[in-house]
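Each chain, letter by letter, is given below.
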Amino acid sequence: SAVISQKPSRDICQRGTSLTIQCQVDSQVTMMFWYRQQPGQSLTLIATANQGSEATYESGFVIDKFPISRPNLTFSTLTVSNMSPEDSSIYLCSVEVWDGSSYEQYFGPGTRLTVT
Amino acid sequence: LAKTTQPISMDSYEGQEVNITCSHNNIATNDYITWYQQFPSQGPRFIIQGYKTKVTNEVASLFIPADRKSSTLSLPRVSLSDTAVYYCLVALLNDYKLSFGAGTTVTVRA
């Protein structure tokens, strides 16, 4: 299993500013993921972050808007840059762990971002 | 990734069994079926995973017919705390790119 914490848990930001979200895992993991969940919607994968390499972004997400760092095997950050109200969402990080019989993804509690 | 279809919502009462059926008609030979649960203001939580027949753990059971074109998540004797959104996902065992559909909102009433 894995226990994931995120900071901040929520924030209200002004448009045009940037916010960096931190994700900390209690064990070393190879792959970390960042998701977005817009109000009332399902989760959408933003990018995959592997330690020691550039993050891989999904269609519709770009590095300039969502730069990601992965300095070690237990930590990652996601920055939401030049924010607009459309960026108001819950941002979640997750990790994948093999438990001996299946791959499980563990999710953090999420960061609720409101852009005014 | 195989597309999944599940009911938007289901209502139940405490102590009842809740069965959520997910359709995945174009599931591939090597795809597995995984269910996640998400409470309000929390990230999704893995519930159960299976390939065929029946899988049971301390939380739920997963029934998969022989053709694997559908699956049913069974929650025995639900309580108010089981109110959540339940997601059915179909993907390769080690496919980390999870594709979440709309999910099923289960509301348990007293």
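What comes next is a walk through the structure.

How each quantity is defined
- Residues numbered from 1 in each chain as written.
- Chains lettered and ligands numbered in written order.
- Predicted model: local features only at pLDDT ≥ 70, side-chain atom pairs only at ≥ 80, totals over all residues.
- Heavy atoms only, no water.
- Pairing = 2+ DSSP bridges.
- Helix = DSSP H or I, 4+ residues; strand = E, 2+ residues; numbered from the N terminus.
- Axes fitted to C-alpha atoms, helices over the stretch in contact; angles between N-to-C directions.
- Salt bridge = Lys/Arg side-chain N within 4 Å of Asp/Glu carboxyl O.
- Buried < 20%, exposed > 50% of the residue type's maximum accessible area, 1.4 Å probe, protein only.
- Disulfide = S-S within 2.5 Å.

1. Some remarks on the sheet that holds strand β7 (residues 70-75) of chain B
Residue and element names in this part refer to chain B.
In step 1: Across the sheet, which stays open at both edges, the 4 strands sit in the order β2-β7-β6-β5 with antiparallel pairing between neighbours. Two strands close off the open sheet at either side, each with one partner strand: β2 (18-23) and β5 (53-56). Each neighbouring strand pair of the sheet contributes to a mean axis angle of 15°, computed without reference to strand direction.
In step 2: In the sheet, β2 pairs with β7 via 6 bridges, with the strands oriented antiparallel.

2. Concerning the pattern of salt bridges
In step 1: Across all of its chains, the model carries 2 salt bridges over all chains by this definition.
In step 2: With a closest N to O distance of 2.6 Å, A:Lys65 and A:Asp87 form a salt bridge. Remark: A:Asp87 occurs in the loop between β8 (75-80) and β9 (89-98) and A:Lys65 occurs in the loop between β6 (56-57) and β7 (68-72); sequence separation between them is 22 residues. For the pair shown, A:Lys65 and A:Asp87 are each scored as buried.
In step 3: Its salt-bridge partner being B:Arg109, residue B:Asp11 comes within 3.3 Å of it at the nearest N-O pair. Here B:Arg109 lies in strand β9 (residues 104-109) and B:Asp11 lies in strand β1 (residues 9-13), a separation of 98 residues in the sequence.
In step 4: Judged by relative accessible area, which is 55%, B:Asp11 ranks as exposed.

3. Some thoughts on the state of the cysteines
In step 1: Counting across every chain of the model gives 2 disulfides over all chains.
In step 2: One disulfide in the model links A:Cys23 with A:Cys93; its S-S distance is 1.9 Å. Because the torsion about its S-S bond is 70°, the bridge between A:Cys23 and A:Cys93 counts as right-handed. Here the residue A:Cys23 occupies a position in strand β3 (residues 19-25), and A:Cys93 occupies one in strand β9, the gap between them amounting to 70 residues. Exposure class is identical for A:Cys23 and A:Cys93. Each is buried.
In step 3: Linked covalently through their sulfurs, B:Cys22 and B:Cys88 form a disulfide whose S-S length is 2.2 Å. Every disulfide takes its handedness from the sign of the S-S torsion; for B:Cys22 and B:Cys88 that torsion is -80°, giving left-handed. Separated by 66 residues along the polypeptide, B:Cys22 in strand β2 and B:Cys88 in strand β8 (residues 84-92) bring together distant segments of the chain. You'll find B:Cys22 and B:Cys88 in the same group, each marked buried.
In step 4: With no disulfide partner, A:Cys13 has as its closest neighbouring cysteine sulfur the one in A:Cys93, 17 Å distant.
In step 5: Since its relative accessible area comes to 8%, A:Cys13 is described here as buried.

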